[in-house]
Amino acid sequence: METSIDPIDIVRKTSQPLLPVIADSKDGGYSVFPSYHSKYIIYKGFDTLAEAIMIEKFVVIDGYGGVLWENVKEQLDAHFVKKNKKVFWYNINSCLKPAEE
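The shown structure was predicted, so the numbers you read here are calculated from the model rather than taken from an experiment.

1. Some thoughts on the environment of Phe80
Stage number 1. Examined against the element boundaries, Phe80 turns out to sit in helix H3 (residues 69–82).
Stage number 2. Between the alpha carbons of Phe80 and Glu51 there is a distance of 8.5 Å; along the sequence they are 29 residues apart.
Stage number 3. Beyond its immediate sequence surroundings of up to four residues, Phe80 is in contact with Ala50, Ile53, Met54, Lys85, Val87 and Trp89.

Structure follows, in structure tokens:
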């Protein structure tokens, strides 16, 4: 019997569950995933985000250092390649001084 390992388990060293995309709302009860409504669109998945990005001429993606940015880039780039969209990626880390300096 072969067991399958979810790729997310390889990078997540925790037993804590992932945040759900849609949280159950308990009327008047306590929510372990508190949230609020926003006028802004929140995208689910790389393909929907890539589609939104493709209509823009210039996009800057910024975020928390703990994010697996190489994975984000690979996933978005794969969608752009499928759609024959040419993009230029610039990693800001190339602007940092070496640790010795």
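2. Quick word on the packing of aromatic side chains
Stage number 1. In the structure shown here, the tally under the stated rule is 2 aromatic pairs.
Stage number 2. Relative to Trp89, the ring of Phe80 has its centre 6.4 Å away and its plane inclined at 35°; by these criteria the two rings are tilted.
Stage number 3. Of the residues examined, Phe80 reaches a relative accessible area of 3% and is grouped as buried.
Stage number 4. The exposure class of Trp89 is partly exposed, given its relative accessible area of 31%.
Stage number 5. Where Phe88 meets Tyr90, the ring centres are 6.3 Å apart and the plane angle is 25°; that geometry is what we call stacked.
Stage number 6. Take Phe88: its relative accessible area is 71%, and that puts it in the exposed class.
Stage number 7. Residue Tyr90 is classed as exposed on the basis of its relative accessible area of 53%.

Basis of the calculations
- Residues numbered from 1 in each chain as written.
- Predicted model: local features only at pLDDT ≥ 70, side-chain atom pairs only at ≥ 80, totals over all residues.
- Heavy atoms only, no water.
- Helix = DSSP H or I, 4+ residues; strand = E, 2+ residues; numbered from the N terminus.
- Contact = heavy atoms within 4.5 Å.
- Phe/Tyr/Trp six-rings, centres within 6.5 Å; stacked < 30°, edge-to-face > 60°.
- Buried < 20%, exposed > 50% of the residue type's maximum accessible area, 1.4 Å probe, protein only.

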